[in-house]
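# Chain and residue survey
One letter stands for each residue in the lines below.
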Amino acid sequence: MLGKMKHHHKLTVALCLIWAATILYGEMFAFWVPSLFTCSWPHHKSYGVESDGNFTKVAIVTDPQLMDKTSFRLSSKTLALELAQLYTDINMRRSFFRSVLPFKPDVVLFLGDYFDGGPFLPEDEWQESLSRFKHVFGLNSQGKVGDIPTFYIPGNHDVGYSRIASHKKDVIDRYEKVFGFRNRRFMIGSVEFISIDAQAIDGNPQKDLASEVWKFVQNVSTDAQSHPRVLLTHIPLYRPDQTPCGPHRGASVIDQRFWRHFQDQEVIYQNYITPESSKMLLELIKPILVLSGHDHDQCTITHQSVAGSVTEHTVGTISWQQGNIYPSFMLLSVPNAIHQNSSDLDKMLHTQLCFLPCQLFIYMWYLSLFAMSLLALLFWPNHGISFLNNAADCISNVMKSSFLSSVTKEKNEDENCEYEMVWDAEGSMHLVKKALQTPVKRQSDKPLVEKGNAVMRSAARKNASEQIELVMDSDVNAVAGGSDPLMRSASKSRTKLVIQRVIRTIMMIIVIAALNVPIYIWLLFKDWVEQE
């Protein structure tokens with residue numbers, strides 16, 4: 001009994017260690033992988049780490065889309081929604097603080113869609129979502145990530161498409177009050193960044209929203225361009241249907257979908273800017289790079305314009321709940337000094353796409369490990385498992401059997417033969433083995449069964465056989481008569497064994513959970529309540 005308990009204690013300790021390592025990796029170490037192993041600032045590859053002073057390092061994040069009651073059409077205080085919000089917010093907070101900020105960016109750039117139902121939330125729920133957004137990304141009262149300059153552009157889930165925004169001016173007002181103007185320009189390093197309200201640019205040109213965007217674009221185009229420009233748009237520029245998106249694309253390419261309202265011609269939905277608007281933006285702004293979001297998946301394409309070819313990077317969502325199991329962010333290295341007359345200005349900007357941990361795979365591994373742990377606890381042998389010892393015993397038994405069989409064969413051969421000495425012509429002696437001649441038995445030779453000095457006749461042999469049959473019959477009847485109690489006893493033993501194993505498994509699960517659940521809970525809430 002002590003030996004059995006010892007084996008089970010070893011199994012419990014092993015499972016406790018495996019679970020602890022799994023939880024530590026899934027809840028903490030996995031988020032360190034991008035900054036430690038898989039990603040780095042792109043200018044390091046060409047110029048080395050010592051060139052950091054020549055570049056402004058920009059971290060780009062998009063489409064967090066904090067979940068709210070519009071996400072699952074649930075009321076705002078249901079348990080299911082609260083749990084979904086908690087796990088999604090914690091995951092994004094870990095991604096931002098453990099994967100993005102360790103790169104120590106000089107600037108953080110958000111490309112839109114901060115909320116899920118932004119235009120449809122009443123003021124109190126919108127303010128609650130805003131508080132969650134600030135906590136997830138560690139924003140202070142000025143909207144900065146600590147002391148890092150932070151810039152925002154609007155998304156369709158923040159202000160809505162032109163059909164919604166044109167009827168809800170208060171939605172635009174509260175957005176601009178917190179995140180700044182929708183159409184703006186600012187400098188990072190020696191590059192000018194131009195951000196536009198892409199949701200309004202294809203709206204009714206006779207209305208204020210669209211005309212406001214185009215007026216801003218015209219002003220930018222008429223100014224003397226003394227710096228290279230980067231265009232920031234939440235909605236990607238137009239791309240033909242089934243345009244390849246490069247090796248980092250996770251899902252199939254989504255073709256153009258564009259719907260207008262039949263009355264006021266405002267945009268109800270679009271996933272790309274129209275071809276006409278895309279062409280005008282490239283010709284008027286003349287960017288050397290375009291950055292966008294909205295698609296939730298990664299895409300890199302090249303546009304052609306009168307000014308030459310322009311690369312557009314669509315950055316994937318940072319949230320694992322937005323249809324992309326491989327969330328991502330982008331690192332952009334902007335040079336601090338660029339001569340306008342330099343050739344290949346687009347090559348002066350360096351980009352690196354970085355992938356975050358696949359949270360879905362982590363949860364799947366948790367479930368798989370739980371199933372394997374349960375099976376191991378239920379079916380682990382009482383004597384434990386020693387593969388090496390069992391294999392050694394098996395090999396030893398096979399070798400012993402083969403050795404004994406060879407010895408027995410040689411012995412039998414020696415018993416059934418005789419040796420004769422033979423001299424050759426040179427006088428040397430040789431032993432020649434010859435088989436013995438065994439007498440041939442005749443059929444008339446019948447074996448006699450002796451008992452003392454008397455010979456048992458056929459009648460005696462008949463009586464003896466009858467006695468043997470009687471004894472055998474009585475033994476069989478005795479066994480048959482006692483089979484039912486034996487079977488009942490064996491059935492009770494098996495039932496008892498099953499109950500013991502189930503109880504033992506439950507006790508071991510409680511021990512494993514008692515040691516690992518506190519670790520999981522601590523890691524789960526540590527990042528959420530920890531002040532950065």
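These lines cover the structure that appears in this document, whether it is placed above or below.

About the thresholds
- Residues numbered from 1 in each chain as written.
- Predicted model: local features only at pLDDT ≥ 70, side-chain atom pairs only at ≥ 80, totals over all residues.
- Heavy atoms only, no water.
- Core = buried A, V, L, I, M, F, W, Y, C linked by side-chain atoms within 4.5 Å.
- Buried < 20%, exposed > 50% of the residue type's maximum accessible area, 1.4 Å probe, protein only.
- Helix = DSSP H or I, 4+ residues; strand = E, 2+ residues; numbered from the N terminus.
- Contact = heavy atoms within 4.5 Å.
- Disulfide = S-S within 2.5 Å.
- Salt bridge = Lys/Arg side-chain N within 4 Å of Asp/Glu carboxyl O.
- Pairing = 2+ DSSP bridges.

### Let's talk about the nonpolar core
Core analysis: the biggest nonpolar cluster contains 33 residues, and Phe 96, Phe 110, Phe 133, Phe 137 and Phe 179 have the highest contact counts within it. Mapped by element, the contributors of at least two residues to this core are strand E1 (55-61), helix H5 (79-100), strand E2 (107-110), helix H6 (123-136), helix H9 (169-179) and strand E12 (328-335). Filtering out sequence-adjacent residues up to four positions away, Phe 137 remains in contact with Val 61, Pro 64, Phe 96, Phe 97, Phe 110, Val 145 and Ile 318.

### A few points about the state of the cysteines
Counting across every chain of the model gives two disulfides. Cys 39 shares a disulfide with Cys 354; S-S distance 1.7 Å. Given an S-S torsion of about -60°, the disulfide between Cys 39 and Cys 354 has left-handed geometry. Within this pair, whereas Cys 39 is found in the loop between helix H2 (33-38) and helix H3 (43-47), its partner Cys 354 is found in strand E13 (residues 350-355), the two being separated by 315 residues in sequence. Cys 39 gets classed as buried once you look at its relative accessible area, which sits at 8%. Between the sulfur of Cys 245 and that of Cys 299 lies a disulfide, 2.1 Å long from S to S. Across the S-S bond of Cys 245 and Cys 299 the torsion is about -75°, and the bridge reads as left-handed.

### Describing the pattern of salt bridges
Scanning the model with the defined rule gives 18 salt bridges in all. With its nearest N and O atoms 2.6 Å apart, the salt bridge here joins Arg 249 to Asp 295. A residue pair is termed long-range when its members are at least 10 positions apart, and Arg 249 in the loop between strand E6 (229-233) and strand E7 (258-260) and Asp 295 in the loop between strand E9 (289-292) and strand E10 (299-305) qualify at 46 residues. The pair Arg 249 / Asp 295 is uniform in exposure class, with both members buried. Each of the salt bridges in this network shares a partner with another, and the network as a whole consists of Glu 27, Arg 94, Arg 98, Lys 526 and Asp 527.

### Here's the deal with the pairing of E12
When you tally the buried positions in E12, you get eight out of eight residues, the bulk of the element. Bridge count for E1 against E12 is six bridges, and the pairing is antiparallel. Across the sheet, residue Lys 57 finds its bridge partner in E12, namely Ser 333. Bridge count between E12 and E13: six bridges; the pairing is antiparallel.

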